[in-house]
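In case you want the letters, here they are:
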Amino acid sequence: MKPIGVVSFGEIDGMVLKAIAAHILGYLRIDTEIFSPLGYPGYAYDPRRLQYDAGAILKAFESLPVQNYAKVIGILDADLFVPILTYVFGEARQGGKCAVVSLHRLKNNPDGSKASAPLFLERAAKVALHELGHLFNLTHCEDERCLMHFSGGIRDLDTLPPYFCRYCSVYLHDGLALL
Amino acid sequence: MDKKITIMIVDDEPIVRESFLHWFERLGYRVETAASGIEALEKLKQFGFDLLFVDIKMPGMNGIELLGKVKEEYPDTIVVIITAYGSIDTAVEAMKKGAADYLLKPFKPEQLSLVMEKVLNQKKLITEYQYLKGRLDKISRFENIIGQSKAMQTIFSLIQEVAQSDSSVLIVGETGTGKELIAKAVHAKSRRAQHPFIAINCGALPDSLLESELFGYQKGAFTGATHPRKGFLEIVSGGTLFLDEIGETSPKMQVDLLRVLQEKKITRLGDRSLIDVDFRLISATRRDLEEEIQKGNFREDFFYRIHVITIAVPGLRDRKDDIPLLVEHFVEKYSHETTKKVDQVSRDAMALLQDYDWPGNVRELENAIERAVVLSKARTLQKEDFSFLCSPVVRTAGSRSLRDMEKTHIENVLDECDWNITRAAGILKVNRVSLHKMIKRYGLQRPL
């Protein structure tokens, strides 16, 4: 079975990538590899919104030769948006191959204070696992105690557990079995 | 969230359409897109949608115009307006014209969730309103089932057990035994109690009407289908569907219902798209369905689908112990309804009521008490107040001539029907005009 790839766009603290890879390995029991960083996606910068277009990054990401990996998660520091939303924590196409995760809004708490390192790493791992769920064709889950439940903000993200509900776990393992 | 709703995004910008499409697909919704108002109306005509996100600024037909047309032709479709900063006035105008809400582009992810929550609540209210409106004329008095007899106690404990499962239930019993009340009790004690209970009498509707009532239809599916309409199988969503007189359904309808029970999916008349349905089926019949299977009138596979659990309701004559309790209940009920101070039943009257055979079961008993209470002039109902229950005195003809025999027979039938000409004509198999002529010819007179 091909492993899950984890890669950064530009320079990212290696600890973040390791934490994400460890969570994927731990929860999905599937080999995970961190590979060499990709270039920073300056092409996706929107000067009107002062943010990076998640759709454009995803499109470019999907065109890269990543056939050695079953799925790939790209991590970057930039603030991401999609045209209809002010920001997104991450973006993935349903059943697609690549997903992107932004760390930009995970660093601070809702009250503006800086998040502790363990909390920041937990948030990053949660968003990565959530986007990976979409890559395995999981949709948002109604169960508030499931990682696939939609989180509209950092407060919601913090209340989500770092694991999937029983049903999403079954669907996820169905998806893994197809690899 | 209700994943059964269908959404259409109407925006001339492909990137916005794609963004919405992607977002809602991840939420598990069925989503369509349209690049213009004209395309949106075409798609609405074809498929019908529950919710539209409409951009205000579009070339050709703008969002406000489209909103007007949608509200005119598809009043139940919910419209959310998408607008940019700086065009709040137009958004306010849209709200006045019937938009459910508006979103300012770009919006925070949680705003979209809040709008969806609001819209789904609104949709639920619309569905409930339609359901209640449609059912208002059919709502009869819902009372608890009354009975202390052993037979009824067994049924009560069976209802408790059956309510916990989601299996199909078949209620068998003579007419007037309270089959619908039992179905309502099963529903009320089940996990579906918060969802609708819809009762349909299959015997009262012609096949084509039953089909459109159950499955719904798209606009233009048949003459007179001017608007798309949801069927009861969709409206009942999450609740219980009670099909009374299931034995009267045609073999074609049995096949259609069997498919729905197996696949939990339906298609509206004139439409091809599959719609998920979720309901518990309770059926009732006064016929012996196994006998109907032997005769070829009822499908065996359908029978096994609907009678996972059977509740046999005894006739009133088989639980006469319950009569005093029922009498007391109906006297109280009708004295309250008619504001007549009737609160007792004499011993003789009660004995008569307990001796009577009650072919029409509890319904007949209820009607008898209602009639007695309405006509009674005293506080206590006497045996005489129930004289209509005694078998009429049957006259025999004085001579054996055909004319005398006919005259006596007509007179007996008229008395039996309390001189209701329509009913008597029906029994005698003549039309009303002929019966009037016969009454005149034989000089018959209604007894005072």
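Not measured: the values here are computed from a predicted model. (Residues numbered from 1 in each chain as written. Chains lettered and ligands numbered in written order. Predicted model: local features only at pLDDT ≥ 70, side-chain atom pairs only at ≥ 80, totals over all residues.)

Some details on the overall build of chain A
Item 1. For chain A, the helix and strand inventory stands at five helices and nine strands.
Item 2. Ordered by position from N to C terminus, the α and β elements of chain A give β-α-β-β-β-α-β-β-β-β-β-α-α-α.
Item 3. Burial status across chain A gives 45% buried among its 179 residues.
Item 4. Sequence separation of at least 24 residues holds for 65% of the intrachain contacts in chain A that already meet a minimum separation of 6. (Helix = DSSP H or I, 4+ residues; strand = E, 2+ residues; numbered from the N terminus. Buried ≥ 20, exposed ≤ 12 C-beta atoms within 10 Å, placed from the backbone. Contact = placed C-beta atoms within 7 Å.)

Side note on the overall build of chain B
Item 1. When its secondary structure is counted, chain B shows 18 helices and 16 strands.
Item 2. A total of 448 residues make up chain B; the buried ones form 33% of that total.

As for the interface of chain B and chain A
Item 1. Each partner contributes to the interface: chain B provides 18 residues, whereas chain A provides 16 residues.
Item 2. Of all the elements in the fold, those that place two or more residues in the side of chain B that touches chain A are α1 (14-26) and α5 (109-136) of chain B.
Item 3. Broken down by element, the residue count for the side of chain B that touches chain A peaks at eight residues, all from α1(B).
Item 4. Among the residues forming the side of chain B that touches chain A, the class breakdown is nine nonpolar, four polar and five charged. (Nonpolar A, V, L, I, M, F, W, Y, C, P; charged D, E, K, R; others polar.)

Description of the confidence of the model for chain B
Item 1. Here chain B averages 84 in pLDDT, and 92% of its residues register 70 or above.
Item 2. Between residues 136-143 of chain B, whose pLDDT stays under 50, and residues either more than four places distant or in other chains, the model counts one contact. (pLDDT = per-residue confidence, 0-100.)

Observations concerning the packing of helix α6 (residues 150-164) of chain B against helix α7 (residues 179-189) of chain B
Residue and element names in this part refer to chain B.
Item 1. It is the contact of α6 with α7, at a shortest axis distance of 8 Å, that shows an interaxial angle of 45°. With respect to each other, α6 and α7 are oriented oblique. Note that α6 runs across α7; the crossing there is right-handed. Residues Ile155, Ile159, Gln160, Val162 and Ala163 of α6 touch α7, and the partners they reach there are Ile182, Ala185, Val186 and Lys189. (Axes fitted to C-alpha atoms, helices over the stretch in contact; angles between N-to-C directions. Parallel < 35°, antiparallel > 145°, perpendicular 65-115°, else oblique. Left-handed = near helix turned anticlockwise from the far one by under 90°.)

Some points on the nonpolar core
Item 1. A:Ile20, A:Ala124, A:Ala128 and B:Ile81 are the most contacted members of the largest nonpolar core, which totals 91 residues.
Item 2. Top element by residues in this core is helix α3 (residues 117-135) of chain A. It accounts for nine residues.
Item 3. Excluding anything up to four places from it in sequence, A:Ala124 contacts A:Val16, A:Ala19, A:Ile20, A:Val101, A:Leu103 and A:Leu106.
Item 4. In this structure, B:Ile171, B:Ile198, B:Ile235 and B:Ile282 belong to the second largest nonpolar core, which totals 39 residues. (Core = buried A, V, L, I, M, F, W, Y, C linked by C-beta atoms within 7 Å.)

So, the sheet that holds strand β7 (residues 85-88) of chain A
Residues and elements named next belong to chain A.
Item 1. On the basis of which strands lie adjacent, the open sheet formed by four strands has the order β3-β4-β6-β7 and mixed pairing. Among the strands making up the open sheet, the edge pair consists of β3 (45-46) and β7.
Item 2. Sheet topology places strand β4 (residues 51-53) next to strand β6 (residues 80-82); two bridges connect them, and they run parallel. The partner of Asp53 across the bridge, within β6, is Phe81.
Item 3. The strands touched by helix α2 (residues 54-62) within the sheet are β4, β6 and β7, with β4 carrying the most contacts at an inclination of about 45°. (Pairing = 2+ DSSP bridges.)

Thoughts on the confidence of the model for chain A
Item 1. Mean pLDDT over chain A: 92, with 100% of residues reaching 70 or higher.
Item 2. Ranking the helices and strands of chain A by mean pLDDT puts strand β9 (residues 98-102) of chain A first, with 97, and helix α5 (residues 166-177) of chain A last, with 87.

Some words on the pairing of strand β4 (residues 78-84) of chain B
Residues and elements named next belong to chain B.
Item 1. Burial of β4 is extensive: six of the seven residues sit out of reach of the surface.
Item 2. Inspection of the sheet shows strand β3 (residues 51-55) paired to β4 by five bridges, in the parallel sense. Residue Leu51 lies in a different strand from β4, and its bridge partner there is Ile78.
Item 3. Handedness of the β-α-β unit built from β3, helix α3 (residues 63-73) and β4 comes out right-handed.
Item 4. Both β4 and strand β5 (residues 101-105) contribute to a ladder of five bridges, which runs parallel. Counted as the bridge partner of Thr83 is Leu104 from β5. (Right-handed = clockwise from strand over helix to strand, strands pointing away.)

Remarks on the sheet that holds strand β10 (residues 240-244) of chain B
Residue and element names in this part refer to chain B.
Item 1. The parallel open sheet is built from five strands, whose spatial order is β7-β10-β13-β6-β14. With partners counted over all chains shown, the strands left at the sheet margins are β7 (197-201) and β14 (309-312), one partner each. Direction aside, neighbouring strands of the sheet carry axes that sit 20° apart on average.
Item 2. Strand direction decides the pairing type here: β10 and strand β13 (residues 280-285), joined by four bridges, are parallel. Across the sheet, the residue bridging to Leu241 is Leu281, located in β13.
Item 3. In this fold α7 packs onto β6 (169-172), β7, β10, β13 and β14, with an angle of close to 165° to the strand it touches most, β10.

Focus on helix α15 (residues 361-375) of chain B
Residue and element names in this part refer to chain B.
Item 1. When the terminal C-alpha atoms of α15 are compared, their 21 Å separation across 15 residues agrees well with the 21 Å that a helix rising 1.5 Å per residue should span.
Item 2. Asn361, Val362, Leu365, Glu366, Ala368, Ile369, Ala372 and Val373 are the residues of α15 that are buried. The buried side chains of α15 occupy one side of the element, clustering within an arc of 160° when seen end-on.
Item 3. Looking at the buried positions of α15, the neighbouring elements they touch are α13 (323-338) and β16 (380-381). (Expected span 1.5 Å × (residues − 1). Arc of directions from axis to C-beta.)

Examining α3(B)
Residue and element names in this part refer to chain B.
Item 1. Looking only at α3, the buried set comprises Gly63, Leu66, Leu67 and Val70. Projection of α3 onto a plane perpendicular to its axis shows the buried side chains occupying an angular sector of 105°, all on one side.
Item 2. Buried residues belonging to α3 abut β1 (6-10), α2 (37-47), β3, β4 and α4 (88-96).

Observations regarding unusual backbone geometry
All names here are of chain B.
Item 1. Here the amide bond leading from Lys105 into Pro106 is cis, since omega sits at -15°, within 30 degrees of zero.
Item 2. Here Pro106 is to be found in the loop between β5 and α5.
Item 3. One non-glycine residue with positive phi stands out, namely Lys429, at about 60°.
Item 4. For Lys429, the position within the fold is in the loop between α17 (421-428) and α18 (432-442).

A word on the environment of A:Arg123
Item 1. Locating A:Arg123 in the fold gives a position in helix α3.
Item 2. With residues near it in sequence (within four places) discarded, A:Arg123 still touches A:Leu106 and A:Leu157.

Re the pairing of β9(A)
Both faces of the sheet carry side chains from a regular strand, because those side chains alternate between them.
Residue and element names in this part refer to chain A.
Item 1. Burial of β9 is extensive: five of the five residues sit out of reach of the surface.
Item 2. Residues of β9 alternate between two faces, with Cys98, Val100 and Ser102 on one and Ala99 and Val101 on the opposite face, all of them buried.
Item 3. Bridge count for strand β5 (residues 71-76) against β9 is five bridges, and the pairing is parallel. Bridge pairing in β9 places Ile73 opposite Ala99.
Item 4. Pairing of strand β8 (residues 90-92) with β9, which is carried by three bridges, proceeds in the antiparallel orientation. Paired with Gly90 across the strands is Val101, a residue of β9.
Item 5. In sequence, β8 turns back onto β9 through a hairpin of five residues, with Gly95 there showing a positive phi of about 75°.

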